[in-house]
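Commentary on secondary and tertiary structure
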Amino acid sequence: MGVVVTTAAGAIEGRRDGDLFVFKGIPYAAAPSGALRMRAPVPVAGWDGVRPALEYSVAPPQLPLTPGTPQLWRPADGLDCLSVNVWTPGGTGDRLPVMVWIHGGGWKAGSSSDPAHDGAILARGGVVLVTFNYRVGFEGFGFVPGAPANRGFLDQTAALRWVHDNIAVFGGDPDNVTLFGESGGGLSIAALLTAPGARGLFRRAIVQSPAARLLPEDEARRIAEIIAAALGVELAELATQTPLALLSVQDEPLAAMETDPGAWTTPEAITAFTPVIDGITVVDKPWLALGSGVARDIDLISGSTHDEFTLFALSRGLLQPSASAMIKGLPTFARMTARGLRRHGLPPTPRRSRLRTVDLSSTAAHLGLPPAAPAAYRAAYPTSTDAQLYTVMYSDAMFRMPAIWLAEAHTAAGGRSHVYDFTWASPALGGILGACHVADIPATLGNTDSPLASFVLGGPRPPESLLRLSEQLRASWISFATTGDPGWPEFTPAQSLTRIWDTEPTVAADPLAASRQIWQQASGR
């Protein structure tokens, strides 16, 4: 059954899905093509009549994030990707709390059309749930002479402006908006906390596994120069290259990062497209920018998964599943292989090179830690192998410590903060991944039937423990979005009380104390 609402740009028709009204593919900005490509987003032109909002828009140009993951964009899709989606149990005048999900994907992949990001289950908890697309990869974050930096972040701000201006007709309260997102989405929210263009557009923020990588402008330019050289064009000509041409060489800079990690801000060499500190969209590293107190009126939850980097360590050959675990995972790997063969005109996604040895002294130097850090890590984690310590060190550097630094800085500036540690261990591959990066996404949104969930959960049937945990975590996030109280005490530097998200959630004092102490000594914090 169709339902029509009128937005600022015109009327749209969604559909009824049980107790929800669902609207998909609503444009919040004009297609970033032609003269608008590589530019800041511009408002979409209004329309007459009723526009269908029944299907997702196309995804932004991208390759599959890893070999075997679903292809979200094809060359024939074009660039009309800047859209929002709304799931609502209410209608005009209800003023329900609003939750806006910002997906991750290493700033080079991801789309709101991914079934992992479906908003229906959370919306049925009594909130208006919004997801949206933003430009990724070179289109969103590549250096282009004369073009604005962080175009993907400018898209995010435009989407939030759309929410502020339109969400009331969907039953949402524009004065009670909570942002939540994971990985690149989490860091996006951390940056939005102090972004001048986003001021006043949200009241609360949930930062999950913030991928703490930000580039100086000169490094972004170096990356663009490598891409230009791979295409055989001048730097100024990059803006005129087709999306497919840019995608075909987007990972060329990773080889330089792997060869000389110490010369780059991103020694892990996962993505070449990382937000730039431009002083406009990203004013500084978020945990430093928060010290100004500009976001003290925004309530914050910040946290990470306990074993963040194991997923990346697996791709580099540092984790070796047992033979029985590999046999059990064959159906999942077969589906991933089949997807990887369906390229639809896209080049193959490169595979990561294998690390044959681990040198913790070099790792420490690449991460900005002093020479004494490896010994400190060995003392803090005495049963861990060097490969495991490498994983812990990168987990800390990229996700776990930045999540805590955000809470520390926000609290010190007078804001309210809560911290969590997601420790529920994935059963995939015999449990070797632990509580890995992205393991919290199925728990957060409740979607256990996506390709992402099948991999993280070790098969198509989610464990009962995950279903129970998801119910509790979703109730906590909704409570926070509604009242500002997630159900556990606020973070203070003295106690560092932390929610432990496991089969039976608990509260612990400073569960990452050993790593925090190492990084405090290294940084003088």
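What this report covers is the structure whose coordinates are included nearby. Just so we're clear, the structure is a prediction, and the values are computed from it rather than from any experiment. (Residues numbered from 1 in each chain as written. Predicted model: local features only at pLDDT ≥ 70, side-chain atom pairs only at ≥ 80, totals over all residues. Heavy atoms only, no water.)

So, the overall build of the protein chain
Applicable threshold: A helix here means a DSSP run of H or I that spans at least four residues, while a strand means a run of E at least two residues long, and both kinds are numbered starting from the N terminus. Values of the radius of gyration come from C-alpha atoms, whereas the globule rule sets the reference at 2.2 Å times the count of residues to the power 0.38. Using a 1.4 Å probe on the protein chains alone, a residue whose accessible area is under 20% of its type maximum counts as buried, one over 50% counts as exposed, and one in between counts as partly exposed. We get accessible surface area from the Shrake-Rupley algorithm with a probe of 1.4 Å; when it comes to residues, only the shown protein chains can shield them. Positive charges come from Lys and Arg alone, negative charges from Asp and Glu alone, with His and the N- and C-terminal ends not counted. We put the charge of a Lys on NZ, of an Arg on CZ, of an Asp on CG and of a Glu on CD.
For the protein chain, the count of helices and strands is 18 helices and 13 strands. Radius of gyration (C-alpha) of the protein chain: 22 Å, near the 24 Å computed for a compact globule of 525 residues. Its C-alpha atoms put the protein chain at 65 × 55 × 50 Å along the principal axes. Classification of the 525 residues of the protein chain by burial places 57% in the buried group. Carbon together with sulfur atoms contributes 54% to the accessible area of the protein chain, which is approximately 19500 Å² in total. The distance from the centre of the 40 positive side-chain charges to the centre of the 47 negative ones in the protein chain is 3 Å.

A look at the packing of aromatic side chains
Using the following cut-off: A pair of aromatic rings is counted whenever rings of Phe, Tyr or Trp (Trp by its six-membered ring) have centres within 6.5 Å, and the orientation is called stacked for planes under 30 degrees apart, edge-to-face for over 60 and tilted otherwise. Working rule: Lys NZ or Arg CZ, within 6 Å of ring centre, within 35 degrees of ring normal, means a charge sits over the ring.
With the rule as written, the count across this model stands at 19 aromatic pairs. On the numbers, 5.0 Å between centres and 80 degrees between planes, the contact of Phe23 with Phe170 is edge-to-face. With Phe23 in strand β3 (residues 20-27) and Phe170 in the loop between α3 (151-166) and β8 (172-182), this residue pair connects regions lying 147 residues apart in the sequence. Classification of Phe23 as buried rests on a relative accessible area of 2%. Taking relative accessible area as the criterion, Phe170 reaches 1% and is therefore assigned buried. Ring centres of Trp477 and Trp488 lie 6.4 Å apart, and the angle between their planes is 35 degrees; on these two criteria the pair is classed as tilted. One end of the pair, Trp477, is in helix α17 (residues 464-483); the other, Trp488, is in the loop between α17 and β12 (497-501), with 11 residues separating them in the sequence. For the pair formed by Trp477 and Trp488, the shared burial category is buried. In this structure, Arg222 is placed above the aromatic ring of Trp264, and the distance from its NZ or CZ to the ring centre is 3.9 Å.

Here we look at the pairing of β3
The line we're drawing: Pairing between two strands requires that DSSP report at least two bridges joining them.
Extensive coverage of β3 is indicated by the burial of 8 of its 8 residues. With 3 bridges connecting them, strand β2 (residues 11-17) and β3 associate as antiparallel partners. Considered in β3, the bridge of Asp17 is made with Leu20. The hairpin formed by β2 and β3 contains 2 residues between the paired strands, and Gly18 there has a positive phi angle of roughly 65 degrees. In terms of strand pairing, β3 meets strand β5 (residues 83-88) through 5 bridges, oriented antiparallel. Counterpart to Val22 in the pairing with β5 is Trp87.

Points about the environment of Asp449
Position of Asp449 relative to the elements: it lies in the loop between α15 (440-445) and α16 (451-457). Relative accessible area serves as the criterion here: at 64%, Asp449 is assigned to the exposed category.

A closer look at the nonpolar core
Rule in force here: Here, nonpolar core means buried Ala, Val, Leu, Ile, Met, Phe, Trp, Tyr and Cys residues that are tied together by side-chain atoms lying within 4.5 Å of each other. Throughout, a contact is declared for two residues whenever any of their heavy atoms are within 4.5 Å.
Residues Phe202, Phe422 and Trp477 are the most contacted members of the largest nonpolar core, which totals 148 residues. Residue contributions to this core peak at 13 residues, all from helix α14 (residues 386-412). The contacts of Phe422, once residues within four sequence positions are left out, are Ser304, Thr305, His306, Ala435, Ala439, Asp440, Ala443, Leu469, Leu473 and Trp501.

What about empty space enclosed by the protein?
Where empty space is left in the structure can be found by rolling a water-sized probe over the atoms. Quick reminder of the rule: Grid points spaced at 1 Å and placed over the protein atoms alone form the basis of the search, with a cavity being a set where a 1.4 Å probe fits but cannot get out and a pocket an open set showing protein on both sides within 12 Å along at least five of seven lines. Lining residues have an atom within 4 Å of a point. Grid points are joined across faces, edges and corners, and a volume is the space filled by probe spheres set on the points.
Counted by the stated rule, this structure contains 4 cavities of 30 Å³ or more. Taken as a whole, the largest cavity encloses approximately 80 Å³ of empty space. Considering the residues around the largest cavity, the lining is formed by 15 residues, among which Ile404, Val419, Thr498, Pro511 and Leu512 are closest to the centre.

Some remarks on the packing of helix α5 (residues 217-231) against helix α7 (residues 252-259)
This is how the line gets drawn: Every angle, taken between N-to-C directions, lies between 0 and 180 degrees, and every axis is a line fitted to C-alpha atoms, over only the stretch in contact when it is a helix. Put simply, angles under 35 degrees are roughly parallel, angles over 145 are roughly antiparallel, angles from 65 to 115 are roughly perpendicular, and the rest are oblique. Here a crossing is taken to be left-handed if its near helix is turned anticlockwise relative to the far helix by less than a right angle, and right-handed if that turn runs clockwise.
At a minimum axis separation of 8 Å, α5 and α7 run at an interaxial angle of 125 degrees. In this view, α5 runs oblique relative to α7, as classed from their interaxial angle. The interaxial crossing formed by α5 with α7 has right-handed handedness. Two secondary-structure elements touch here, α5 through Ile223, Ile226, Ile227 and Ala230 and α7 through Glu252, Pro253, Ala256 and Met257.

A short note on the environment of Gly172
Relative to the elements of secondary structure, Gly172 occurs in strand β8. Of the residues examined, Gly172 reaches a relative accessible area of 2% and is grouped as buried. Along the chain, Gly172 and Trp405 lie 233 residues apart, while their C-alpha atoms are 32 Å from each other. Those residues in contact with Gly172 that lie beyond four places of it in its chain are Arg95, Leu96, Val98, Val128 and Ile167.

Considering unusual backbone geometry
Backbone geometry at Met38 places phi at a positive 65 degrees, although glycine is not the residue there. By relative accessible area, Met38 is classed as buried at 1%. With a phi close to 50 degrees, Asp510 is a non-glycine residue in the positive phi region. Tracing the backbone through its elements, the reader meets Asp510 in the loop between β13 (506-509) and α18 (513-523). Given a relative accessible area of 25%, Asp510 falls into the partly exposed group.

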